[in-house]
Amino acid sequence: MTHTSALSHIRWIGGGSGAGKSVIARKLAAKHNAALYDTDKAMAEHAKRCDPKRCPNLMAFLDMSIDARWVDRTPQVMLETFHWFKGEGFDLILEDLRGMPRDRPILVEGFRLLPHLVAPMLTELSDAVWLLPTADFRRCAFDKRGSTMEIPNRTSNPGRALANLLERDAMFTERLQSEVKRLGLRTLFVNGSISEADMTDDVGDILFR
């Protein structure tokens, strides 16, 4: 069985942080009787399961102090060395998915779904969509959740840590946009111009056509 046939029942929602992926995925999973796989919730377990030789950026990250992670490095370096942005542990996502029942669709969501890694798994290009938030929408989403300062407040310089994180995430979203365009994949831009309900419908129209 090929990768695509083994995973043909899976739908993928990737994108930048703060785009509303989790909320949309929960609503669509309920509407379409799909199992939900949240890649964020799997991160701690995957960090334990990762082979150190296959996850060098993760190993380096775990050895860093909180300031070394978020204050002392430039956003560009943070972007280029962040383990999940490098695709480390994606094999564990696939391992988990292959172990789940195939009796109904599985909806997978999270920023770890990098386009170049997901594309070879697709039966149809419309089995996946990436949500790309604007910087303003992302900041408003974090503020609304109350999570804006969750990491920065653990550092010695919360202001710099926050600025670094926001710039890193903006660059990551730009990278996603370039990659999905190159691969001919589906995207939706998230800027607050339409309601969450309408955005959910738009994502559902792509994935559950």
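Scroll up to find the structure.
Reading the values: rules and limits
Residues numbered from 1 in each chain as written. Predicted model: local features only at pLDDT ≥ 70, side-chain atom pairs only at ≥ 80, totals over all residues. Heavy atoms only, no water. Helix = DSSP H or I, 4+ residues; strand = E, 2+ residues; numbered from the N terminus. Rg over C-alpha atoms; globule rule 2.2 N^0.38 Å. Buried < 20%, exposed > 50% of the residue type's maximum accessible area, 1.4 Å probe, protein only. Areas by Shrake-Rupley, 256 points an atom, 1.4 Å probe, with all protein chains shown as cover. Pairing = 2+ DSSP bridges. Axes fitted to C-alpha atoms, helices over the stretch in contact; angles between N-to-C directions. Contact = heavy atoms within 4.5 Å. Parallel < 35°, antiparallel > 145°, perpendicular 65-115°, else oblique. Left-handed = near helix turned anticlockwise from the far one by under 90°. Nonpolar A, V, L, I, M, F, W, Y, C, P; charged D, E, K, R; others polar. Core = buried A, V, L, I, M, F, W, Y, C linked by side-chain atoms within 4.5 Å. Patch = residues over 30% accessible without salt bridge, like charges linked within 9 Å, V, L, I, M, F, W, Y side chains within 5 Å. Salt bridge = Lys/Arg side-chain N within 4 Å of Asp/Glu carboxyl O. Lys, Arg positive; Asp, Glu negative; His and termini not counted. Charge placed at Lys NZ, Arg CZ, Asp CG, Glu CD.

Remarks on the overall build of the protein chain
Now for step 1: When helices and strands are tallied, the protein chain shows eleven helices and five strands.
Now for step 2: Relative to the compact-globule value of 17 Å for 209 residues, the protein chain shows a C-alpha radius of gyration of 17 Å, a close match.
Now for step 3: A principal-axis box enclosing the C-alpha atoms of the protein chain has dimensions of 50 × 45 × 30 Å.
Now for step 4: The proportion of buried residues among the 209 residues of the protein chain is 48%.
Now for step 5: Accessible surface, the protein chain as shown: approximately 10,400 Å² in total, 52% of it carbon and sulfur.

What about the sheet that holds strand β2 (residues 35-38)?
The strands that make up a sheet pair up through hydrogen bonds in the backbone, lying either parallel or antiparallel.
Now for step 1: Read from one edge to the other, the open sheet built from five strands follows the order β2-β3-β1-β4-β5, with strand pairing classed as parallel. Looking at strand neighbours, the two that pair on one side only are β2 and β5 (186-190), the edges of this open sheet. Each strand of the sheet is rotated relative to its neighbour by a mean of 20 degrees, with strand direction disregarded.
Now for step 2: Contacting β1 (10-15), β4 (128-133) and β5, helix α10 (residues 158-183) runs over the sheet at an angle of about 140 degrees to β4.

Side note on the packing of helix α2 (residues 21-31) against helix α11 (residues 196-207)
Now for step 1: In contact at an axis separation of 10 Å, α2 and α11 are set at 60 degrees when each is read in the N-to-C sense. In terms of orientation, α2 lies oblique with respect to α11. The chirality of how α2 crosses α11 is right-handed. Residues V23, I24, K27, L28 and K31 of α2 lie in contact with α11, whose contacting residues are E196, M199, T200, D201, V203 and G204.

Details of the packing of helix α9 (residues 135-145) against α10
Now for step 1: Relative orientation of the contacting elements α9 and α10 amounts to 130 degrees, with a least axis distance of 10 Å. The orientation of α9 with respect to α10, classified from their angle, is oblique. Handedness of the crossing formed by α9 with α10: right-handed. Residues R138, R139 and F142 of α9 form the contact with α10, whose own contacting residues are L162, L166, D169, A170 and T173.
Now for step 2: Taken together, the residues of the contact of α9 with α10 break down into four nonpolar, one polar and three charged.

Considerations on the nonpolar core
Now for step 1: One finds W12, L97, V108 and V118 to be the most contacted residues of the largest nonpolar core, which totals 20 residues.
Now for step 2: Considering each element in turn, this core owes the most residues, four residues, to helix α7 (residues 90-98).
Now for step 3: The residues touching V108, leaving out its near neighbours within four places in the chain, are I10, R11, W12, I13, Y37, T39, L97 and L113.
Now for step 4: Counting residues in hydrophobic clusters, the runner-up holds 17 residues, among them A34, V129, L188 and V203.

Overview of the environment of R154
Now for step 1: Relative to the helices and strands, R154 resides in the loop between α9 and α10.
Now for step 2: Classification of R154 by relative accessible area gives exposed; the value is 54%.

Quick look at a negative patch on the surface
Now for step 1: The grouping of D198, D201, D202 and D205 at the surface amounts to a negative patch.
Now for step 2: Turning to its location among the elements, D205 is positioned in helix α11.
Now for step 3: You can call D205 exposed: its relative accessible area is 55%.

Purely geometric stuff here, so don't read any function into it on its own.
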